[in-house]
Structure formats: C-alpha cells, structure tokens
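Structure at a glance
Residues per chain are reported as follows:
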Amino acid sequence: MIQNQWYAVLPSKKVPKGRLVAVRRLNLDLVLFRDEKGELGCVVDQCPHRGVALSHGKLKGNCVQCPFHGLEFDGKGQCRLVPAIGRATKTDLGRYNVKSCAVREANGIVYLWNGEASTATDGPLPWFADFVDDSYSMSEIEDPWNTHYSRAIENQLDVVHLPFVHHNTIGRGNRTLVHGPKVVFEDGRIVTSANNEVDVGQEIRPEAECTINSTYLMFRFPNVWMNHISDKIKVAVYFAPVDDENTILYLRFYGKATGLRPLNAFMAWTGKYANRVIERQDKRVVVTQKPKASEYRSGEKLVPGDRPIVVYRKLRDEKKGAKA
Ligand code: FES
Ligand SMILES: [Fe+2]
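It should be emphasised that the depicted structure is a prediction, and the values quoted were computed from it without experimental measurement. Every residue gets a number counted from 1 within its own chain, in the order that chain's sequence is written. By the order in which they are written, chains take letters starting at A while ligands take numbers starting at 1. Per-residue local features of the predicted model are confined to residues with pLDDT of at least 70, and side-chain atom pairs are confined, for both listing and counting, to 80 or more; whole-chain, interface and lining totals are unaffected and use all residues. Based on all heavy atoms of the structure, the side-chain values leave hydrogens and waters out of the count.

**Quick word on the overall build of the chain**
Where helices and strands are cited, they refer to DSSP runs of H or I of at least four residues and of E of at least two residues respectively, numbered from the N terminus. A count of helices and strands for the chain gives four helices and 19 strands. Contacts are residue-level and defined by heavy atoms, with any inter-residue pair within 4.5 Å sufficient. For the chain, contacts bridging at least 24 residues in sequence account for 58% of all contacts bridging at least 6. Total accessible area on the chain stands at roughly 16,000 Å², and carbon and sulfur atoms take up 51% of it. Computed with the Shrake-Rupley method and a 1.4 Å probe, the accessible areas treat only the protein chains shown as cover for residues.

What follows is the structure, encoded as structure tokens:
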C-alpha cells in the first residue's frame, strides 16, 4: 500500500452513532466509533494492556472501554482512564495509549490515512466531486474480492479484456482489436477510453491517433475509480484494501436519466444489480491472477493496449517511493 495517502475504506453509514465497528483495513484490525458529537475515531483493535479486542468492549461517552479491565481510550487512542489505578492517583496515562489511525469522512465514505496520524493532510479527499452531486440518485453495493486492490483497479482500467470477460454484456460485438488507447494524466486523474474495433485485417492505431470518447474511465490515487458513461449516468468504485490479499469493492451507480427523482432512484437501484453482473464477470478471472499484487517491474508480457495499466503501475511505483 502507498504510504501517506487517504484511502476510501468504508461507507459512512456503516458506522452509526453508538456502535463499535470492527473492520480489517490497510492490513490492520481496527475499531471505528463516533464520539458524542458524531466525530469519527479509529484505533487499533488490540488493548495495549493485555491484548484483548477493544471492539468487544463498549462505548462509554467519547471512549471505547476495554471489556477485560476497563481501560478507556478516546477516538485518537489516548488512554483516559485505568480503573485499577483510579481517578485520583497521579500518573501519566500516556504509556497506555493505543495506536490510532487518522480518519476523515466525505462523500458518504470513511477515509483512513495510511501513515503516521501526525502527517495526515486536511485537503480534499480523493473522489469525483466535480462529476456527481446531490442531483443524482445513488445506490451502492459491496463485494469482497480475494485479491490485492491493485489488481482490482487495473481490471477497471483494462480495455483489452472487454470482448472476452464481458462477451455477453458490455463487451458484446467481438471488438477484439485494441487501438491505442489514449491515456492522459491530468488534475491527478488517469483518464482513458476504449477505441476497440472488430478485427477485419486492419493494423492497430497508435495512441496519438486515438481519442478520449464521451464514455471514459477515470482513476484517482490511491483507490477511487469512475466510469463516466454519460452526463446522466456514472458508475464509481472504491477499492477498500483489507490486506495484501483481500479487497472489498464498493460499487456505486449514479443516475439522473429522468426528471423524476423516485424513478431515478429506482433506476440506480436496478442499475447497481446490472453492474454487479459485470463486476462478477471480472471477479471470476481477477482473483486467479498471480501474484496477488501487481508491480511496475514485473515479468508480465504486456500488449500495447495495456497502456492504462502501465501508467497506473508507473505512477503507483513513484508514489511508493521506489527507485527508478
Ligand atoms: S486487556 Fe484491556 S484493560 Fe486489560
Ligand atoms: Fe471488466
């Protein structure tokens, strides 16, 4: 995973007020909860006293209370009470602090900072705020994939697989010949679109002769993607990294195809299931990829049409701080 990035990891609504929510994300077992004002906190799900899962404890005011000996920690991991020492005894509770994870939320998504909490940034969180707003109806679905999130992302940038994996859905028409595709990296987004054709004996065209069409794909680091199908219909996915071999895809369907909000909501609801069919076609093959995580420098024999994947890998490699 890339250090010092905000990862989209969970829908906000999965952490209601008054609950301790245990999740595994970024290779860590974590517990999320809200304080009395509704502000999110996130700490490692392991009590520093004697190792019990804090998520089995309970919420007391702004703190999680460990079920074993009652130590209390706030959402930033600071120990607020050690009952066995008592409230009156003068002692520094700092040594009992539990490791925390910086957390923010926007767009109905919880984001975790993959790095030291003290280095977390407060700028805009990765999303496509310029492309979707409240005028769209949105419906969301989740699906766990047994793969590293890099493979799941690459699959969503892959224009070569369409006529094979999706031969009876979005890849209908046997357009196996892959021109380009054109790939641009601007405003922090990788943008590409399919220029595929039926192979009737023509040569493939280079990237320079290809275009970004009205339907295009966008990716923003570290883990959010959108298919801009039209001005009125979009599909977005955030790929929540569970650990090095598991990812949960949160797939959102956005629509405002009609002027009627209830009808848009119904279309978003059905659209989400149509997209699940497509997503399951992808999942079937992607979970078999070896190794589980992709790398920029690998032994894979790529084809020219894999260019969006190469761009993704190269940028990711740079962000990971790998030497050229
Ligand atoms: S193990 Fe948590 S308070 Fe003792
Ligand atoms: Fe696909």
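**Things to note about unusual backbone geometry**
Here the bond from Gly-180 into Pro-181 is cis, since omega is 0 degrees, no more than 30 degrees from zero. Residue position: Pro-181 is located in the loop between β12 (177–178) and β13 (183–186). Here Phe-221 and Pro-222 are connected by a cis peptide whose omega angle stands at 0 degrees. Its place among the elements puts Pro-222 in the loop between β16 (216–220) and β17 (224–228). Positive phi, close to 55 degrees, is recorded for Leu-26, a residue that is not glycine. Tracing the backbone through its elements, the reader meets Leu-26 in the loop between β2 (21–25) and β3 (28–34). Per-residue accessibility, obtained with a 1.4 Å probe over protein chains only, is compared with the maximum for each type, and a residue is labelled buried under 20%, exposed over 50%, and partly exposed between these values. Given a relative accessible area of 6%, Leu-26 falls into the buried group. Positioned with a positive phi, Asn-27 is a non-glycine residue whose angle comes to about 70 degrees. The class for Asn-27 is partly exposed, based on a relative accessible area of 32%.

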